[in-house]
Amino acid sequence: MRLLRYEWSKLARLPALWGVLALCLVFNCLLIGSGGRWRWEWNEAAAMTGRLGQRVDTGFLDGLRQQPQSEYRDYLLSAAEGMTDIYADYDLRPLVDYYTGYVKSSPKAAALTERKYEQLAERVAHLSETGAAMDWYSGPITHNVHQFLYGVLMRAVLTEGAVLGMLSMLFLLGYENQQRTAAGVYASRTGRKLCRWKVLAGLTWAPAIYLLLAAVTLVVFLLFWDWSGVWGGSVSGQFNYAIDMLVRRPFFTWADFNAGGYLAAVVGLGGLLTVVFALLAAVCGTLVPNVYLSALVLTLLLCGGAAAQTFCAQTGLWMGYALLTFQPVSVWLYVNGWFTELGLNAFVPWQESMGTGLSLAICGVGTALALRRFGRKDIST
Amino acid sequence: MSLFWQELKKIWHPGIFVGIVLLGLIYYYMFPGFYIEHFSNGPSARAEFDLSVEWVAQYGPTLEPEERAELDSRLAEEVAIFDRQLEGVPEAAAAGITDYASFRTADQTEENARLTWDIRNGTNCYTISAIQQMLERYDDPRDYLRQHDYFESYTAKEQEQMLAVNSWPGSFLSRSVMDSTDYYFKYLAQWTAISVILLLSPTLVRDRLRRTRSLQWSGRRGRRVLHTQLAAGLVSALLLSVVNVTVYAIPFLAQGPLALKDCPLGNSVWAVGTPWFNWTYGQYLAVLTGMVLALGIGIGAVTLFLSRFSNNYVSMLLKAFPPFVTMGGFFATWVVHYAFFFHAAWDGADFFVSKGAEAVCVTVLLIAGAALTGWSCVKQRKLEC
């Protein structure tokens, strides 16, 4: 534990890290400001419906009618009156045909897609039973604000957390070489075990930084956006929808999520994904002694994975594409649709969770092997 | 001079160079490669480009009023070709589509949508549409006074400039070529910024980590060694930018945009925007290239400054992260996006980019870079070893 504390203190005494962290927070505040065009509408809807609950029923409609008359109240009222249970007769066949049409050159990928939508049909029936479609969330502006929060803000937080986490890990693993203490520290068997503590320190530091970024950003966001009455509303309400490859579909989630639970789940999975990125950095940092080169190798690994996925899609290698959608970069790319069916970005239910879990396991094994190799190789400084 | 070459050798470290080349290949495949594969994206844009090239060869870079009448007969020829091509589609006659006029009528409705789609893609339909739109545009030039929001955002002098563009001879510069140029240069500028940051980030950190400062300072050149190091860094930034521009230019020029090099930017017969300057497309390409090179040097200078004040690679990478995002992600693409044209500062912005603002921004970057590197040199003299 003492070694762990020493490693953390090395990171804590890195001024550039805190400077960049502050800049990231400033950038996130600017991003929050850029969503101003939806803020008035969201806050106005929240103010009118905050005390009416999330389920749109006669009580909700009566409550809305009793609000002071205004053009926007009338707009919300007409939207609420037009709500129906969209899941009652929702036909998934067009979606199935659309996506299987893309991957039909690979029978296995097509079968996976078919199977995913079969399982989604059960979810649609369940959502109809629970009446999730009739949840208000926060009215007609829901899709824009939901996408702004998860597609812009959470994506930025996750990116910043992952980058800072990876660089922190590389810093710790390259520290002894840079300080010219490697020859002394790594000369003994016990000294070489220090690397394990470094990896452990990096793995705890990365999600901590990410959570700090997420907490401050979300607090600032919630200071300007009124979410007080919406936490209990289902994210599968009919005003929330997702668009993939120009096709619009309801926000089908694989479990019943309310707005609060969904935010917590996204933040939580983001933390695990940050650990995955930190583990990747640990592998590169352990195998490549030069920190700058290991950062370049890591960048190549991440960008190369994304390029390989694009290549598979362009050449019709859909099974290869399906496997590559599990990689961490791919999971990061579709953060705004986590826990939903994700269209062509997913081939099994809960793909983002499975992808993150698999990446954790693979990168964990990779890190263990890299540390083992480091423990046995000759010292080079 | 030998010190300069030694510094260059240190900067162009084989491992880093290979890493940048591989990243560059991935970047090219993921982003700008699309604009080469789909240069003049879509059949309509392709038809427009082909007509532009053909007419430039026939009439020169501009369309004079006396040449306008000839285009009517060209349109009639294309329509006759279409009618002959239509005879090869038996389903067309069955659906009552026997000539171009009946095709246009059928195209207005959803009925026979599949058939009209097939006809459009199997005939010279896009060429006819392009000629028709171009003639309509030429005969009824744009009326800025009708575009209130856009026009009124500018000062009286700027409005005068916009109106003056209308009096220029009608240029054959194709909109599709301008779009491809715009996207391609945005990616080139972005990659130049990224690659220069990656190349120069470790430059001065390396010496610090190897503790060579005391050795360098006690040498004959003394503390002025930093001048040579900065010069080598700036030359490397320029060199890498030149390499980037050259590598990007080869596939781009192979698509044939230089056929339109003498076409003026303004008052195009196609829907190209309104430029601030009376340049030809060839001159515009040269100006954009110059801007990318200047960007490379400016960003290189800022990177060297950050590298000078970093104790280790991670500290440098952390410091490079903000310029990476701001310069690579935003500034580099913004500054070449329809540069020197009248356009809004960004999508949905209420204010518009003024005359030469892009050049001013790049100049400010160069001045800032020069000031920061100069300050590093001054500070070097006073530092304790």
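Residues numbered from 1 in each chain as written. Chains lettered and ligands numbered in written order. Predicted model: local features only at pLDDT ≥ 70, side-chain atom pairs only at ≥ 80, totals over all residues.

Colleague: How should the overall build of chain B be read in this particular structure?
Modeller: Counting its secondary structure elements, chain B contains 18 helices and two strands. Against the compact-globule benchmark of 21 Å for 385 residues, chain B has a radius of gyration of 27 Å, which places it well outside the compact range. Viewed in the frame of its principal axes, chain B has a C-alpha envelope of about 90 × 50 × 35 Å. Counting all 385 residues of chain B, 38% fall into the buried class. (Helix = DSSP H or I, 4+ residues; strand = E, 2+ residues; numbered from the N terminus. Rg over C-alpha atoms; globule rule 2.2 N^0.38 Å. Buried ≥ 20, exposed ≤ 12 C-beta atoms within 10 Å, placed from the backbone.)

Colleague: I would appreciate a short explanation of the interface of chain B and chain A in the present structure.
Modeller: Frequently, the measure chosen for interface size is the accessible area that the parts lose on association. Residue-level contacts link 19 residues of chain B with 23 residues of chain A. Secondary structure elements with two or more residues in the side of chain B that touches chain A: helix H2 (14–30) and helix H17 (313–336) of chain B. Residue composition of the side of chain B that touches chain A, by class: 14 nonpolar, four polar and one charged. (Contact = placed C-beta atoms within 7 Å. Nonpolar A, V, L, I, M, F, W, Y, C, P; charged D, E, K, R; others polar.)

Colleague: Which parts of the structure should I look at to understand the domain arrangement of chain B?
Modeller: Residue and element names in this part refer to chain B. Domain boundaries in chain B define domain 1 (2–39 + 172–382) and domain 2 (43–147). The partner domain 2 presents 13 residues to the 13 residues of domain 1 that form the contact. Partitioning the side of domain 1 that touches domain 2 into residue classes produces eight nonpolar, three polar and two charged. (Domains from an automatic or database assignment.)

Colleague: Is there a simple way to explain the pairing of strand E2 (residues 247–250) of chain A in this structure?
Modeller: On a regular strand, each side chain points to the face opposite its neighbour's, so the side chains alternate between the two faces of the sheet. Residue and element names in this part refer to chain A. As paired strands, strand E1 (residues 241–244) and E2 are joined by four bridges and run antiparallel to one another. Across the sheet, residue Ile-243 finds its bridge partner in E2, namely Arg-248. A loop of two residues connects E1 with E2, the two strands running antiparallel in sequence, and Met-245 in this loop sits at a positive phi of about 50 degrees. (Pairing = 2+ DSSP bridges.)

Colleague: Just to check I follow, could you spell out the environment of B:Gly273 for this structure?
Modeller: All names here are of chain B. Locating Gly-273 in the fold gives a position in the loop between helix H15 (225–254) and helix H16 (281–308). Judged by local crowding, Gly-273 falls into the partly exposed class, with 16 C-beta atoms found within 10 Å. Taking the C-alpha atoms as reference points, Gly-273 and Gly-300, separated by 27 residues in sequence, lie 32 Å from one another. Residues within four places of Gly-273 in sequence aside, it is in contact with Tyr-338, Phe-341, Phe-342 and His-343.

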